[in-house]
Amino acid sequence: MAKVIVVTSGKGGVGKTTTSASIGSGLAASGAKTVVIDFDIGLRNLDLIMGCERRVVFDLINVINKEANLQQALVKDKRIEGLYILPASQTRNKDALNRSGVKAVIEELKDDGFEYIICDSPAGIEQGAMMALYFADEAIVTTNPEVSSVRDSDRITGMLSSKSFRAEQQLDPVKVHLIITRYCPERVKNGEMLSIADINELLGIELLGVIPESESVLNASNSGEPVILNKDSDAGKAYQDTVERLLGVECDFRFIDYKKKGILSRIFGV
């Protein structure tokens, strides 16, 4: 049975699209037919991070408006079998999204055998974000370890529990997971960032993943390759662990404890 997962946050710039790309890639690599939908109408970025921007012809809005069919708009990933991208429009605004159109697209994807439908939400609680989360079965709330980001994430959690289809129909609630991005144990120790315990106390959401602060994330975005594919990077390993947990595999959290650098590390940066 297909599962619709929204990747969301209250604050911009916390790594939603990076997370959507890596989670989608990891799920597809596990053998599940997966599509990632970009709901950030007018500010399309998913295709850049996935490295397929030159292959985009039609988009989500074209499909909703019946200017193209779904098969014309889906972009098949060249690296991972079973991974597809449904890009956003760069020329329309978020008012072009409507609930009936989004529902029709999701239902057609389910009929086409997709096992995971990842909805990459824009930040906040405006039209695009509400459309992205409305039909979700599960949600991945993405936050940075700072007070403003965590506070906005709490607001999004409230929307999931009150404004989603499941909430309106009094079905089982949307299952909510938490991913903390740009986590730096040294800065936590120095009081410059919230700790995992602090965030848990504020949000009380099941922790799915902790992604360390890493230059490999920016490098991956610039090269059009999801960071999860960089098997040598800490961020890539952390995203792979996150996908494993999403699939029900128990694994320890890595890269969350502060390790004091020895003298050679301080001198040579190793």
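Relevant structure appears above.
Throughout this document, residue positions are counted from 1 along each chain, in the order its sequence is written. Given that the model is predicted, a residue must reach a pLDDT of at least 70 before its local features are reported, and side-chain atom pairs must reach 80 or more before they are shown or counted; all residues, however, enter totals for whole chains, interfaces and linings. Hydrogens and water are ignored here; the side-chain numbers use all heavy atoms of the structure.

*Asks:* Would you mind going over the environment of Gly12 with me for this structure?
*Replies:* Every helix listed is a DSSP run of H or I at least four residues long, and every strand listed is a run of E at least two residues long, numbered separately from the N terminus. Mapped onto the elements, Gly12 comes out in the loop between strand S1 (3-8) and helix H1 (16-29). The class of Gly12 is partly exposed, set by a relative accessible area of 41%. Taking the C-alpha atoms as reference, Gly12 lies 24 Å from Asn230; in sequence the two are 218 residues apart. Buried residues are those whose accessible area, probed at 1.4 Å on protein chains only, stays under 20% of the maximum for their type, while exposed residues exceed 50% and partly exposed ones sit between those limits.

*Asks:* I would appreciate a short explanation of the pairing of strand S4 (residues 83-86) in the present structure.
*Replies:* A regular strand places its side chains on the two faces of the sheet in alternate fashion. Neither face of S4 is left uncovered, since the one carrying Leu83 and Ile85 and the one carrying Tyr84 and Leu86 both have all their residues buried. In short, DSSP must find at least two bridges between two strands for them to pair. The pairing of strand S2 (residues 34-38) with S4 spans four bridges and is parallel. Looking across to S4, one finds that Val35 is bridged to Tyr84. Across two bridges, the pairing between strand S3 (residues 75-76) and S4 is antiparallel. Residue pairing in the sheet places Val75 in a bridge with Ile85 of S4. Taking the residues between adjacent antiparallel strands as the criterion, S3 and S4 are bridged by six residues, where Gly82 takes a positive phi near 85 degrees.

*Asks:* Whenever I open this one, helix H6 (residues 127-134) confuses me. Can you help?
*Replies:* Helical geometry: 3.6 residues make up each α-helical turn, so side chains three or four residues apart lie on a common side. Extensive coverage of H6 is indicated by the burial of seven of its eight residues. Considered for burial, the residues of H6 that qualify are Gly128, Ala129, Met130, Met131, Ala132, Leu133 and Tyr134. Contact definition: two residues touch when any of their heavy atoms are within 4.5 Å. On its buried face, H6 is in contact with S1, helix H5 (99-111), strand S5 (116-120), helix H7 (147-162) and helix H8 (165-168).

*Asks:* Quick question: what am I supposed to make of the environment of Lys259 here?
*Replies:* Inspection of the secondary structure puts Lys259 in the loop between helix H12 (234-246) and helix H13 (263-268). For the pair Lys259 and Pro185, spaced 74 residues apart in the sequence, the C-alpha separation amounts to 8.1 Å.

*Asks:* What is the right way to read the packing of aromatic side chains from this model?
*Replies:* Describing an aromatic ring pair means giving the distance of the ring centres and the angle of the ring planes. Classification of ring pairs uses Phe, Tyr and Trp, with its six-membered ring standing for Trp, and accepts pairs whose centres are within 6.5 Å; under 30 degrees between planes counts as stacked, over 60 as edge-to-face, and the remaining range as tilted. Scanning the model with the defined rule gives four aromatic pairs in all. When the ring of Tyr134 is compared with that of Phe135, the centres are 4.8 Å apart and the planes differ by 90 degrees; the resulting orientation is edge-to-face. Neither residue differs from the other here; Tyr134 and Phe135 are each classed as buried. Here the aromatic rings of Tyr134 and Phe165 are separated by 6.0 Å at their centres, their planes lie at 70 degrees, and the arrangement is edge-to-face. Remark: Phe165 occurs in helix H8 and Tyr134 occurs in helix H6; sequence separation between them is 31 residues. Classification of Phe165 as partly exposed rests on a relative accessible area of 31%. The rings of Tyr134, Phe135 and Phe165 are connected pair by pair, giving a single aromatic cluster. Any Lys NZ or Arg CZ found within 6 Å of a ring centre and within 35 degrees of that ring's normal is scored as a charge over the ring. In this structure, Lys33 packs its charged tip against the face of Phe114, placed 4.5 Å from the ring centre. Over the ring of Phe253 we find Arg245; its NZ or CZ atom is 3.7 Å from the centre of that ring.

*Asks:* Quick question: what am I supposed to make of the packing of H7 against helix H10 (residues 196-203) here?
*Replies:* Any two packed helices are characterised by how steeply their axes cross, that is the angle between the axes, and by the distance between the axes. Axis lines are fitted through C-alpha atoms, for helices just across the contact stretch, and the angle between N-to-C directions can take any value from 0 to 180 degrees. Remark: H7 packs on H10, axes separated minimally by 10 Å, with the N-to-C direction vectors making an angle of 30 degrees. Handedness of the H7/H10 crossing: right-handed. Contacts between H7 and H10 involve Val150, Ser153 and Asp154 from the first element and Ile199, Leu202 and Leu203 from the second. Looking at the contact of H7 with H10, its residues break down into four nonpolar, one polar and one charged. Each crossing is labelled by how the near helix is turned from the far one, with a counterclockwise turn of less than a right angle marking it left-handed and a clockwise turn marking it right-handed. Basically, the charged four are Asp, Glu, Lys and Arg, the nonpolar ten are Ala, Val, Leu, Ile, Met, Phe, Trp, Tyr, Cys and Pro, and anything else, Gly included, counts as polar.

*Asks:* Would you take a moment to explain unusual backbone geometry for this structure?
*Replies:* Leaving glycine aside, a negative phi is the common case for residues, and trans is the common case for peptide bonds. Positive phi values are uncommon outside glycine, yet Gln170 reaches one of about 55 degrees. Tracing the sequence through the fold places Gln170 in the loop between H8 and strand S7 (175-183). Of note in the backbone geometry, Phe255 takes a positive phi value of approximately 65 degrees without being a glycine. Relative to the helices and strands, Phe255 is located in the loop between H12 and H13. Overall, the relative accessible area of 24% leaves Phe255 in the partly exposed class.

*Asks:* Just checking my understanding: could you explain the side chain of Ser89 for this structure?
*Replies:* Inspection of the secondary structure assignment puts Ser89 in the loop between S4 and H5. Judged by relative accessible area, Ser89 falls into the buried class, the value being 1%. Throughout this description, a polar contact denotes any pair of N or O atoms lying within 3.5 Å of each other; where both atoms belong to protein, one of them has to be capable of donating a hydrogen while the other can accept it, and for residues adjacent in sequence the pair is counted only when both atoms sit in side chains. Engagement of the side chain of Ser89 in a polar contact is seen with the backbone nitrogen of Arg92, the distance being 3.2 Å. Residues within four places of Ser89 in sequence aside, it is in contact with Ile41, Gly42, Leu43, Asp59 and Ile61.

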